[in-house]
Amino acid sequence: MNQVREKTVVVTGAGGGIGAALAHRFAAEGARVVVNDLDADKAERTAAAIGAKAVPGDAAADAEALVAAAREALGGRIDVYCANAGVAPAGGPEAAEEDWSLAWEVNVMAHVRAARALLPQWLAGDGGRFVATVSAAGLLTMVGSAPYSVSKHAAHAFAEWLSATYRHRGVHVHAICPQGVRTDMLAGSGTTGDLVLTPGAIAPEAVADALFDAIAEDRFLVLPHPEVAGYYAARAADPDRWLGGMNRLQRKVEAAGG
């Protein structure tokens, strides 16, 4: 793919799951990749498997330092930044303050801080590509996790804002919005995940395929589960009916012990 061949790419949360699949695909397409993960051992394993450079660390709290270290490792420039690291605390308003703060930091502010560090170079030169792993929860919602749903809505809104503001200046933005993906996050999602997401779960590699299709078409919204487009349209057309359906799903989860 000409859009990424010989480009420089950073993928956060790439020690496993979607992030690892993205890193593998970019490397296979001829990009030079920096692998980031909070778990240094996982970052090193992914990097070793694809001939990449590992730059472990906190993609949220240390986003600016990550961008600087990645630039140094990649010869001074980052062409593509995949803000993929994410967390999914369970619960509603009663969830601990720490859980709400963590969701906001990792799922939203990591994107904001990375963009803050990346944009000056992109806007002064030939642009760049920002990839946000958002989740279908950012377009719809996710029963059982208010912190995840709220923060993913914000991540989607930020990606939209970036595209609306900078696309004429060469900044390409993609928001990846899958439903269930066979990752450790899904495995740890309990009854809600088992009932809502697992039946239609796809492999992380399918998410990478969907992103590359979107890159080829220069398309903002990346829907590895195409049916999400219909759900999104139904939500906009008749919010009350859609909310009623989501409430029925919530009752099913409760009946199943979730």
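Structure's up top.
Residues numbered from 1 in each chain as written. Predicted model: local features only at pLDDT ≥ 70, side-chain atom pairs only at ≥ 80, totals over all residues. Heavy atoms only, no water.

Peer 1: For this particular structure, what's the right way to read the pattern of salt bridges?
Peer 2: For the coordinates displayed, the defined rule picks out six salt bridges. A salt bridge links Arg25 to Glu29; its shortest N-O distance comes to 3.0 Å. Its relative accessible area of 18% is what places Glu29 among the buried residues. Here the residues in one salt-bridge network are Arg25, Glu29 and Asp209, joined through shared partners. (Salt bridge = Lys/Arg side-chain N within 4 Å of Asp/Glu carboxyl O. Buried < 20%, exposed > 50% of the residue type's maximum accessible area, 1.4 Å probe, protein only.)

Peer 1: How should I be thinking about the packing of helix α1 (residues 17-28) against helix α2 (residues 40-50) in this particular structure?
Peer 2: Angle between the axes and distance between the axes: these two values describe a pair of packed helices. Here α1 crosses α2 at 25°, and the two axes come no closer than 10 Å. The angle between α1 and α2 places the two elements in the roughly parallel class. For the crossing formed where α1 meets α2, the hand is right-handed. Contacts between α1 and α2 involve Ala20, Ala23, His24 and Ala27 on the former and, on the latter, Thr46, Ala49 and Ile50. Residues that form the contact of α1 with α2 fall into these classes: five nonpolar, two polar and no charged. (Axes fitted to C-alpha atoms, helices over the stretch in contact; angles between N-to-C directions. Helix = DSSP H or I, 4+ residues; strand = E, 2+ residues; numbered from the N terminus. Parallel < 35°, antiparallel > 145°, perpendicular 65-115°, else oblique. Left-handed = near helix turned anticlockwise from the far one by under 90°. Contact = heavy atoms within 4.5 Å. Nonpolar A, V, L, I, M, F, W, Y, C, P; charged D, E, K, R; others polar.)

Peer 1: Mind showing me how you'd approach the side chain of Ser135 here?
Peer 2: Secondary-structure assignment places Ser135 in the loop between β5 (128-133) and α5 (146-166). Of note is the side chain of Ser135, whose polar atom sits 3.3 Å from the side chain of Tyr148. Ignoring any residue separated from it by four or fewer positions in sequence, one finds Ser135 in contact with Tyr148, Lys152, Ile176, Cys177 and Pro178. (Polar contact = N/O pair within 3.5 Å; in protein donor to acceptor, adjacent residues only side chain to side chain.)

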